[in-house]
Amino acid sequence: MNLQQLRYVVATAEHRTMTDAARSLYIAQPALSRAIRDLERELGMTLFARSGRGVVVTAQGRRVVKLAREALDAVREIEALSSSGHSEAELRIASTPSLEPGLAGRLLPAYSAEHPGVRVHIVRCDGRDGVVNAIRDQRADLGLTDLPVPTDLISHPLERQEIVLISPPGMNLPDPVPMNRLNGMPLVLPIPGSARRREFDALFAKYGVTPVPTVQLDERGNWLNTVRSGTASLLWYRGMAEQAVRAGLVVRPLAPSVRRVIALVHARRRLPAIAQEFLSVAEGGSAA
């Protein structure tokens, strides 16, 4: 068994479908399936069993996956040691645009003050799914996002952040805005069928309101521009309020208040020491 085979085993276990695992490894799905079969023949055991369109890890496979993760973590730590004398260590943190200001404004300065030799690279992701994929694809050591996340990731809740209504100026709305005022209100919403849209739809159903989805898109960088044009209002995190106010928009809380849990997340594997240290700093502070 070589390192490439270890990576194949771990990716397949994390994604649970050969297609998704192959995509994360940037190889063809038939090649991955063939490599897994060859490895199973080499080891004389079945690591994965077919289940519908995906795969499940067998009892023997779970032990192999656990050891493979430990081996890959050990290799990464050895590589970090070998390069530590030539360049500073790098911690990669995936974040959504909504939460990046809190990450850069509070968490990073606190961490850097204690660990000046570590360079932190922010992996910018368009939404929670992007953060999850960055962790799964090992493009990031940690991720900052709202919950929930899939069960193959471990989450460390940091805070509950308020969702507010961001509107064009001139709208005749009370402050705070009663939830029933969202009924019939033009809103910027994520695209239908997305995980984020399903959460919004569940929120609207809970309060019996039906906003008008005037603009439906997942490119969050354009959301404030859409509100500025006067087309619609937007539900977003309180952490974006300062940016919205600078853009000339009006920020109002909702009644009753709606909050989401913000957390640092990572894969179910041993974290590098610098990532563990970041968790310790973050859990003693806030991302707000």
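Bear in mind that the values here come from a model prediction, so they are computed numbers and not experimental data.

1. Notes on the packing of helix 2 (residues 18-25) against helix 3 (residues 29-43)
At their nearest, the axes of helix 2 and helix 3 sit 8 Å apart, and the two run at 105 degrees to each other. One element, helix 2, and the other, helix 3, form an angle in the roughly perpendicular class. Contacts between helix 2 and helix 3 pair Met18, Thr19, Ala21, Ala22 and Leu25 from the former with Gln29, Leu32, Ser33 and Ile36 from the latter.

2. Focus on empty space enclosed by the protein
Scanning all chains against the criterion turns up one cavity of 30 Å³ or more. Approximately 160 Å³ is the volume found for the largest cavity. Every element with two or more residues in the lining of the largest cavity is listed here: helix 7 (195-207) and strand 10 (233-237). Broken down by element, the lining of the largest cavity gets its largest block of residues, four residues, from helix 7. Considered class by class, the residues forming the lining of the largest cavity number seven nonpolar, one polar and five charged.

3. Concerning helix 1 (residues 3-15)
With 13 residues, helix 1 should cover 18 Å at 1.5 Å per step; its first-to-last C-alpha distance of 18 Å lies within 8% of that length. For helix 1, the complete set of buried residues consists of Gln5, Leu6, Tyr8, Val9, Val10, Ala11, Thr12, Ala13, Glu14 and His15. Capping the start of helix 1 is the job of one residue whose side-chain oxygen sits 3.1 Å from the backbone nitrogen of glutamine 4: asparagine 2.

4. Quick look at helix 6 (residues 128-136)
Within the span of helix 6, buried status applies to Arg128, Val131, Val132, Ala134, Ile135 and Arg136. Where helix 6 terminates, the next one or two residues include glutamine 138, which has phi positive at roughly 60 degrees.

5. Some words on the UniProt feature "domain: HTH lysR-type" (unreviewed entry) in the protein
Sequence positions flagged by UniProt for "domain: HTH lysR-type" (unreviewed entry) are, in local numbering, residues 1-58. When the span residues 1-58 is considered, its composition is 62% helix and 14% strand, and the gap between its end C-alpha atoms is 18 Å.

What counts, and at which threshold
Residues numbered from 1 in each chain as written. Predicted model: local features only at pLDDT ≥ 70, side-chain atom pairs only at ≥ 80, totals over all residues. Heavy atoms only, no water. Axes fitted to C-alpha atoms, helices over the stretch in contact; angles between N-to-C directions. Helix = DSSP H or I, 4+ residues; strand = E, 2+ residues; numbered from the N terminus. Parallel < 35°, antiparallel > 145°, perpendicular 65-115°, else oblique. Contact = heavy atoms within 4.5 Å. 1 Å grid on protein atoms, 1.4 Å probe; cavity = no way out; pocket = protein on both sides within 12 Å on 5 of 7 lines; lining within 4 Å. Points joined across faces, edges and corners; volume = space filled by probe spheres on them. Nonpolar A, V, L, I, M, F, W, Y, C, P; charged D, E, K, R; others polar. Expected span 1.5 Å × (residues − 1). Buried < 20%, exposed > 50% of the residue type's maximum accessible area, 1.4 Å probe, protein only. Polar contact = N/O pair within 3.5 Å; in protein donor to acceptor, adjacent residues only side chain to side chain. UniProt positions renumbered as here; feature names shortened; annotations may be inferred.

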